Amino acid sequence: MSITERIYIKNHSQICAQLGVRIPKKVFSGATLDLLFTGEIEKIDESFRGYIYAFAKDFLDCGCESNPYCEHPEKKFMEYVLKVRKEGKSPEEIVDRMGKDYMVYSYPADVVSFLDDSIRTLEVLEAIAKVEGNEEMGESIRTEKKLLI
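What you see is a predicted model; the values in this text were computed from it and never measured.

Cut-offs used in this document
Residues numbered from 1 in each chain as written. Predicted model: local features only at pLDDT ≥ 70, side-chain atom pairs only at ≥ 80, totals over all residues. Heavy atoms only, no water. Axes fitted to C-alpha atoms, helices over the stretch in contact; angles between N-to-C directions. Helix = DSSP H or I, 4+ residues; strand = E, 2+ residues; numbered from the N terminus. Parallel < 35°, antiparallel > 145°, perpendicular 65-115°, else oblique. Left-handed = near helix turned anticlockwise from the far one by under 90°. Contact = heavy atoms within 4.5 Å. Nonpolar A, V, L, I, M, F, W, Y, C, P; charged D, E, K, R; others polar. pLDDT = per-residue confidence, 0-100.

**Let's talk about the packing of helix 4 (residues 72-86) against helix 5 (residues 91-102)**
Consideration 1: One can describe the packing of helix 4 onto helix 5 by two numbers: an axis separation of 10 Å at closest approach and a directional angle of 125°. The angle between the axes of helix 4 and helix 5 places the two elements in the oblique class. In this structure, the crossing between helix 4 and helix 5 has a hand that is right-handed. Facing helix 4, whose interface residues are Phe77, Tyr80, Val81, Lys83, Val84 and Arg85, helix 5 presents Pro91, Ile94, Arg97, Met98, Asp101 and Tyr102.
Consideration 2: Per-class residue counts for the contact of helix 4 with helix 5 are eight nonpolar, no polar and four charged.

This is how it looks when you write it as structure tokens:
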């Protein structure tokens, strides 16, 4: 299961009450993404709306015909998590940052699992680079891996 399957809306109950409709708590569910592309968002309190607009601008802005149901929003969000980790933030700090930036959250254990999977993937790529004799690529991968550990 991807980290994006484990990202939830903060203040979910309040947002549902303001909309007058129940939406899934998971940010990347189809119904939640639908909300971001409707006029219904104007029903949401202004204090929440800014976070929703920031999230949409940062993760849902791509030129795909199938946007927002393409893979780009999830890829961009995973890149965001990795970027915050490369800044030296702990899993708990990453979760805090998600809340401050976009009013979404995950559990630190889910972030740890995602980071571990990412490191394991880089280790596989590093081994492939070694087999292929591509030392430059191997060094680049090692550098990226060190930033995540």
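**Structural notes on the confidence of the model for the protein chain**
Consideration 1: In the predicted model, the protein chain carries a mean pLDDT of 91, and the fraction of residues at 70 or more is 97%.
Consideration 2: Averaged over each element, pLDDT in the protein chain is lowest for helix 2 (residues 30-36) (80) and highest for helix 5 (98).

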